[in-house]
Amino acid sequence: MAPVCVLVGVMGAGKTSTGLLVAKGLGVDFRDTDSDIEATAGKPIPEIFVDDGEEHFRTLERAAVATALASFDGVLALGGGAILAEENRAALAGHRVVYLSVELSDAVKRVGLGTGRPLLAINPRATLKHLLDQRRPLYAEVATWTVVTDGRTPEQVADEILAELAGDRQPGR
Ligand code: S3P
């Protein structure tokens, strides 16, 4: 069993809003590893960061990614930092991975303020810039294709993904 597609990208790329639309268009389930982690931990992500630290969150995330890739056949979104772990990047090999790319100005607009993202609690713009610079190559490494989302609505992005999937584009790198 494997997800129809896996969405990766930085916070603000639109993984959840786009993923829900793609899943709806395909008539399959949507799943988000952040929600899986919250269910396992029994508390929201900001509380995991505060109570247990980022390292513990990343441990839960590696387990959530491995489980979802092996047992879920809908549309899967990964948390923005999941690709930091070599183990997760290796696990994505052979999957259809869509990188939702976004540049800083659109990402900042989309995440807004106080969105329950602990990494952006302080100086969100500078932090997002740093994360984008650090992670772009890693998203590109795992992606089987890239969809540019700047200046586009989740509906437009989802339509492009649905069109690609309808063409049955096969993963391959
Ligand atoms: C994170 C992204 C978040 C969430 C956590 C850490 C990151 O997911 O996993 O707050 O390191 O970029 P989204 O990208 O879905 O917001």
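Refer to the preceding data block for the structure.
Residues numbered from 1 in each chain as written. Predicted model: local features only at pLDDT ≥ 70, side-chain atom pairs only at ≥ 80, totals over all residues. Heavy atoms only, no water.

Once that is clear, we can look at the overall build of the protein. Within the protein, the regular secondary structure consists of eight helices and five strands. If you list the helices and strands of the protein from N to C, you get β-α-β-α-α-α-β-α-β-α-α-β-α. What you see for the protein is a C-alpha radius of gyration of 15 Å, in line with the 16 Å of a compact globule of 173 residues. Once the C-alpha set of the protein is aligned to its principal axes, its extents read approximately 45 × 35 × 25 Å. Counting only residues that meet the buried cut, the protein has 43% of its 173 residues in that class. Residue pairs in contact within the protein that sit at least 24 positions apart in sequence constitute 77% of those at least 6 positions apart. Taking the 18 positively charged and 24 negatively charged side chains of the protein as two groups, their mean positions are separated by 5 Å. (Helix = DSSP H or I, 4+ residues; strand = E, 2+ residues; numbered from the N terminus. Rg over C-alpha atoms; globule rule 2.2 N^0.38 Å. Buried < 20%, exposed > 50% of the residue type's maximum accessible area, 1.4 Å probe, protein only. Contact = heavy atoms within 4.5 Å. Lys, Arg positive; Asp, Glu negative; His and termini not counted. Charge placed at Lys NZ, Arg CZ, Asp CG, Glu CD.)

The topology assignment puts Glu-87 in helix H5 (residues 86–92). Looking at Glu-87, the relative accessible area reads 49%, which means it is partly exposed. When the C-alpha positions of Glu-87 and Arg-152 are compared, they lie 32 Å apart, and in sequence the two are 65 residues distant.

Counted according to the given criterion, the structure contains two aromatic pairs. Where Phe-49 meets Phe-57, the ring centres are 4.9 Å apart and the plane angle is 45°; that geometry is what we call tilted. Overall, the relative accessible area of 4% leaves Phe-57 in the buried class. Between Tyr-99 and Tyr-139, the ring centres sit 5.2 Å apart and the planes meet at 25°, which makes this aromatic pair stacked. Highlighted residues: Tyr-99 in strand E4 (residues 97–101) and Tyr-139 in helix H7 (residues 124–142), separated in sequence by 40 residues. (Phe/Tyr/Trp six-rings, centres within 6.5 Å; stacked < 30°, edge-to-face > 60°.)

Once that is clear, we can look at the nonpolar core. Ranked by internal contacts, the top residues of the largest apolar core, which has 41 residues, are Val-6, Val-8, Leu-78, Leu-92, Val-98, Leu-100 and Ile-161. For this core, the element with the highest residue contribution is H7, accounting for six residues. Setting aside chain neighbours within four positions, we find Val-8 in contact with Lys-15, Leu-78, Ile-83, Val-97, Val-98, Tyr-99, Leu-100, Tyr-139 and Val-142. Of all hydrophobic cores here, the second largest spans seven residues; its members include Ile-45, Ile-48, Leu-60 and Ala-64. (Core = buried A, V, L, I, M, F, W, Y, C linked by side-chain atoms within 4.5 Å.)

In this section: the site of the ligand. Around the ligand sit 13 residues, and of these Lys-15, Asp-34, Arg-58, Arg-117 and Arg-135 come closest. Measuring from an oxygen atom of the ligand, one finds a backbone N or O atom of Gly-80 at 2.9 Å. Taking Arg-135, its side chain carries an N or O atom lying 2.6 Å from an oxygen atom of the ligand. Contact with the protein chains hides 96% of the accessible area of the ligand, taken as 390 Å² for the molecule alone. Residue composition of the shell around the ligand, grouped by class: five nonpolar, three polar and five charged. (Near = heavy atom within 4 Å. Polar contact = N/O pair within 3.5 Å; in protein donor to acceptor, adjacent residues only side chain to side chain. Areas by Shrake-Rupley, 256 points an atom, 1.4 Å probe, with all protein chains shown as cover. Nonpolar A, V, L, I, M, F, W, Y, C, P; charged D, E, K, R; others polar.)

These figures come from the coordinates and say nothing about function on their own.
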